[in-house]
Amino acid sequence: MNMEQQVVIITGAGSGIGRETAKLLATKGKALVLVDFDETSGLDTLHAVKEHQLQAIFVQADVSQSLDVKKYVDTAKETFGRIDAFINNAGVLSPPALLGDLDEETFDRVISVNLKGAFLGLKYVLKEMEQQQSGVIVNTSSAAGIQGQPYLGGYAASKHGVIGLTKTAAMEYGPKGIRVNAICPGGVTTNMTKGLVSSPEGNGPLRRLADPTEIANVIAFLISQEASYVNGAIVPIDGGLTS
Ligand code: ADP
């Protein structure tokens, strides 16, 4: 491994924001560990990034299971020797329902993937980065992590939780040379938002959804040296929706 080459883990790399980020970082020469629950889509992303970057692997893992999280962290270490950046991004949306109609299993599932999954990723990756005394993490929160989201109460709660984890991690690990930030996308044209009805006005001042590349560009900036003083930041990428 070239010591200059950044080693990056991306969870939820099979689709949407994760896939576009993987493709962008491949063109920038990063070594990539792609993680997804869905093997077919994860391997599709691997195939796409291999056009630019041979230093890339796929690890099938469910981010809500600690053994799986340990597996992707250990595999990254064993394959590339270190973890320079972690894009803690895998997530699920729940079917829309008022809180009074939201069933317990749906709530548990969304919290377990979006919040516990984010926690487990932080837990194991921060341990490694602490030993290295360096590293940078981007957690995917959401505009629904900043403001309430009618009919998506479980999702909004999970994404507010991701912000709590981000701010705490930034305070705990900043002194150890590790930066931790969160991005808060609004509506993005990905599998997750397919089927959700939205009006142009509902998409905020720019009157449109984001392309996943517009999210990937900000992630690439946050893990770069150019963002060396950005820590504990909650970065909306929502066209002004939450402003
Ligand atoms: P977005 O990019 O807008 O966040 P997508 O639904 O397009 O939404 O992408 C989310 C990705 O996260 C998908 O590839 C999905 O398979 C992955 N994912 C969902 N749940 C898990 C999980 N428990 N473990 C790992 N990956 C997951």
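Residues numbered from 1 in each chain as written. Predicted model: local features only at pLDDT ≥ 70, side-chain atom pairs only at ≥ 80, totals over all residues. Heavy atoms only, no water.

Per an unreviewed UniProt entry, the recorded name for the protein chain is Short-chain dehydrogenase, and the organism is Lysinibacillus boronitolerans JCM 21713 = 10a = NBRC 103108. Listed in UniProt under the heading Sequence similarities (unreviewed entry), the comment for the protein chain reads: "Belongs to the short-chain dehydrogenases/reductases (SDR) family." (UniProt positions renumbered as here; feature names shortened; annotations may be inferred.)

Undergrad: Hey, could you run me through the packing of helix 4 (residues 104-132) against helix 5 (residues 153-173) in this one?
TA: Describing two packed helices takes the angle between their axes plus the distance from one axis to the other. The geometry of helix 4 relative to helix 5 is characterised by a closest axis approach of 8 Å and an angle of 15° between their N-to-C directions. Overall, the two elements helix 4 and helix 5 adopt an arrangement that is roughly parallel. When you trace helix 4 past helix 5, the crossing you get is right-handed. Between helix 4 and helix 5, the contacting residues are F107, V110, I111, N114, L115, A118, F119, L122, L126 and E130 on the first element and G154, Y155, A157, S158, K159, G161, V162, L165, A169 and Y173 on the second. Residue classes in the contact of helix 4 with helix 5 are distributed as 14 nonpolar, 4 polar and 2 charged. (Axes fitted to C-alpha atoms, helices over the stretch in contact; angles between N-to-C directions. Helix = DSSP H or I, 4+ residues; strand = E, 2+ residues; numbered from the N terminus. Parallel < 35°, antiparallel > 145°, perpendicular 65-115°, else oblique. Left-handed = near helix turned anticlockwise from the far one by under 90°. Contact = heavy atoms within 4.5 Å. Nonpolar A, V, L, I, M, F, W, Y, C, P; charged D, E, K, R; others polar.)

Undergrad: Just checking my understanding: could you explain the pairing of strand 6 (residues 178-185) for this structure?
TA: Burial analysis of strand 6 places 8 of its 8 residues in the buried class, which makes it a mostly covered element. Judged by which residues are buried, strand 6 turns out to be covered on both faces: I178, V180, A182 and C184 on one side and R179, N181, I183 and P185 on the other are all buried. Alignment of strand 5 (residues 135-140) against strand 6, held across 6 bridges, turns out to be parallel. Bridge pairing links I137 to V180 in strand 6. The parallel pair strand 5 and strand 6 is bridged by helix 5, and the resulting crossover is right-handed. In this structure, strand 6 lies alongside strand 7 (residues 234-237), joined through 4 bridges in parallel fashion. In the sheet register, I183 faces strand 7, and the bridge partner there is V235. (Buried < 20%, exposed > 50% of the residue type's maximum accessible area, 1.4 Å probe, protein only. Pairing = 2+ DSSP bridges. Right-handed = clockwise from strand over helix to strand, strands pointing away.)

Undergrad: It is not clear to me how empty space enclosed by the protein should be interpreted in this structure. Could you clarify?
TA: Here the idea is plain: a probe the size of a water molecule rolls over the atoms and shows the empty space left. Applying the stated criterion across every chain yields a total of 1 cavity of 30 Å³ or more. Estimated volume of the largest cavity: approximately 30 Å³. Contributing to the lining of the largest cavity are T11, V63, N88, N89, A90, V113, N114, G117 and A118. Broken down by element, the lining of the largest cavity gets its largest block of residues, 4 residues, from helix 4. (1 Å grid on protein atoms, 1.4 Å probe; cavity = no way out; pocket = protein on both sides within 12 Å on 5 of 7 lines; lining within 4 Å. Points joined across faces, edges and corners; volume = space filled by probe spheres on them.)

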